[in-house]
Structures are given as C-alpha cells and as structure tokens.
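Each chain, written out:
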Amino acid sequence: MRRAAAAAILAAAAVLSACGGGAPKPSPSPSGIGAVVSAMEKDMSTMREANAAADDVIRAAGDCDAAKPLIAAANARMDEVQQKILTGPARQTLDALRKKVRDVAESCP
C-alpha cells in the first residue's frame, strides 16, 4: 500500500515538473493591456510635474505680479512634459492645463 502511494506521489511530481512546475514567466516586452497600463502609470507620474506648475499659476491668478514669472516656468515645464507623454488622455489633460495657464496669461497683460 505504501509503495503504491509513493509511486502515485512520484508520478504526480513528474507530471508537474514536466509541465513547467511553476508560474508562467512574464513576457520580456509588455504588450496588450499590460503596455497600456504601464504607459498610463508613466503618464500619471509625468503629469504630476505639469499639474504642479499649472496649479502654481492658477493659484496666483489673482495677483498678476506673482503670476507672470510662474507662467513662463509653467509653459517650460509643460513643454518638457509633452515630450514624455505616451497616451491620448494625458495629452488632452496637458492641453487643458495649457489653456488654463494661457487664460491667466491673457488676463495679466
């Protein structure tokens, strides 16, 4: 009886090891949904810089003397960020931020 049980365990172990015996290895280059999620995560990180610069301008919108130097810095930061953006939604968000900064610039001649 013990020999039969031991033989069954050995047979099961042999089948498992022949099938790979572990978790599947990830693909070296992400594709499909994994690539999209990765691009979105990178864009979220990159957009933090643009959001911070635009937020500074928007907060200072009531004081043109304080806003004017921030406008140039925000535009420069958004130009840098634009080069790093990978997804369409991030481009749309950046365009909206640019419009808000442009609105402040137009209201502070």
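Here, every reference points to the structure presented above.
Residues numbered from 1 in each chain as written. Predicted model: local features only at pLDDT ≥ 70, side-chain atom pairs only at ≥ 80, totals over all residues. Heavy atoms only, no water.

**Student:** Explain the state of the cysteines to me, please; I cannot follow it from the model alone.
**Tutor:** A covalent bond between the sulfur atoms of two cysteines is what we call a disulfide. If you walk through the whole model with that rule in mind, you get one disulfide. Each sulfur of the disulfide joining Cys64 and Cys108 lies 2.1 Å from the other. Looking down the S-S bond of the Cys64 and Cys108 bridge, the torsion is -75 degrees, so its handedness is left-handed. Separated by 44 residues along the polypeptide, Cys64 in helix α3 (residues 64-84) and Cys108 in the segment after α4 (88-107) bring together distant segments of the chain. What makes Cys108 buried here is its relative accessible area of 5%. (Disulfide = S-S within 2.5 Å. Helix = DSSP H or I, 4+ residues; strand = E, 2+ residues; numbered from the N terminus. Buried < 20%, exposed > 50% of the residue type's maximum accessible area, 1.4 Å probe, protein only.)

**Student:** Would you explain the pattern of salt bridges in this entry?
**Tutor:** Oppositely charged side chains can form a pair if their charged atoms are brought close together. Tallied over the entire structure, the rule returns four salt bridges. Glu49 is the salt-bridge partner of Arg77, the closest N and O atoms lying 3.8 Å from each other. Residue Arg77 is located in helix α3, and its partner Glu49 is located in helix α2 (residues 33-59); the two are separated by 28 residues in the primary sequence. Arg77 gets classed as partly exposed once you look at its relative accessible area, which sits at 34%. On the basis of relative accessible area, Glu49 is assigned to the partly exposed category, the value being 29%. (Salt bridge = Lys/Arg side-chain N within 4 Å of Asp/Glu carboxyl O.)

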